[in-house]
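# Structural features, examined
Read off the chains here:
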Amino acid sequence: MNWFDAVDLLSFIKQWGKLFMISFIAATVHMYMSGKEYAFFHHLMGVLVAVLAAYIATALCKWQNIDEDLTTGFVAICAYTAPHILDGINRLVQQLSQNPKGAILMLLKLKR
């Protein structure tokens, strides 16, 4: 490991530190403005999922060579909807886990 690797590692740590600091601030503001009784960790994970969705949407737009104007809207929509979609999937799994036999019977009725 030479000096340049240490500088790159230091800048990497600074970038991730800034990301987590912004995530903590955003989760704090969201928790303060929200009337829901969720823990801080729930809000923090929502922010981190939104940031991850934004990165994935940006990579997808670069891969598909989508115009810059469309990329901004696509990233915003993905970042906004990702925590809500995951929350919905979580609620669906909780409902299915409470009564798996009823869920299977309901799916079998729908197939007919």
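Residues numbered from 1 in each chain as written. Predicted model: local features only at pLDDT ≥ 70, side-chain atom pairs only at ≥ 80, totals over all residues. Heavy atoms only, no water.

## Some points on the packing of aromatic side chains
Here a ring pair, both rings aromatic, is described through the centre-centre distance and the interplanar angle of the planes. To keep it simple, the criterion reads: Two aromatic rings, drawn from Phe, Tyr or Trp (for Trp, its six-membered ring), form a pair once their centres lie within 6.5 Å of each other, and the interplanar angle then sorts them: stacked below 30 degrees, edge-to-face above 60, tilted otherwise.
Per the stated rule, a full pass over the model turns up 2 aromatic pairs. Among the aromatic side chains, those forming a connected cluster through ring pairs are F12, W16 and F20.

## Section: the environment of M31
Selection rule: Helix and strand definitions here come from DSSP, where helices need a minimum of 4 consecutive H or I residues and strands a minimum of 2 consecutive E residues; each element is numbered from the N-terminal end.
Its location among the elements puts M31 in helix α1 (residues 3–33). Counting along the chain gives 12 residues from M31 to H43, while the straight-line C-alpha distance between them is 6.5 Å.

## Quick look at helix α2 (residues 40–63)
What counts is decided by this rule: By this rule the span expected of a helix is its residue count minus one, scaled by 1.5 Å.
With 24 residues, α2 extends 35 Å between its outermost C-alpha atoms, agreeing within 8% with the 34 Å of an ideal straight helix rising 1.5 Å per residue. Note on α2: the residue one or two positions beyond its end, N65, has a positive phi of about 55°.

## Overview of helix α3 (residues 68–98)
Quick reminder of the rule: For a residue, the bend is simply the angle between two axes, fitted respectively to the seven-residue segment ending there and the seven-residue segment starting there. It only takes one pair of heavy atoms within 4.5 Å for two residues to be counted as in contact.
An ideal rise of 1.5 Å per residue puts 45 Å on 31 residues; α3 measures up with 45 Å between its terminal C-alpha atoms. Considering bend angle alone, the principal kink of α3 is centred on T81 and spans about 35°; proline P83 follows within four residues of it. Against the buried residues of α3 lie α2.

## Quick look at the pattern of salt bridges
Quick reminder of the rule: In what follows, salt bridge is the name for a side-chain nitrogen of Lys or Arg lying within 4 Å of a carboxyl oxygen of Asp or Glu.
Enumeration over the complete set of coordinates arrives at 1 salt bridge. Across the pair D87 and R91 runs a salt bridge whose closest N-O atoms are separated by 3.4 Å. Pair noted here: D87 and R91 are both in helix α3, with a separation of 4 residues, about one helical turn.

## Observations regarding the packing of α2 against α3
Selection criterion: Axis definition: a line fitted to C-alpha atoms, over the contacting stretch in the case of helices. Angles run 0 to 180 degrees between N-to-C directions. Roughly parallel means an angle under 35 degrees; roughly antiparallel, over 145; roughly perpendicular, 65 to 115; everything else is oblique. Handedness of a crossing is defined here by the sense of rotation of the near helix relative to the far one, left-handed for an anticlockwise turn of less than a right angle and right-handed for a clockwise turn. All residues other than Ala, Val, Leu, Ile, Met, Phe, Trp, Tyr, Cys, Pro, Asp, Glu, Lys and Arg, Gly among them, are scored as polar; the first ten of these are nonpolar and the last four charged.
Packing of α2 against α3 brings their axes to within 8 Å, and their N-to-C directions diverge by 140°. As judged from the angle between their axes, α2 and α3 are oblique. Our pair here, α2 against α3, has a crossing hand that is right-handed. Between α2 and α3, the residues in contact are H42, G46, V49, A50, A53, A54, A57, T58, L60 and C61 and T71, F74, V75, C78, A79, A82, P83, L86 and D87, respectively. For the contact of α2 with α3, the residue count by class is 14 nonpolar, 4 polar and 1 charged.

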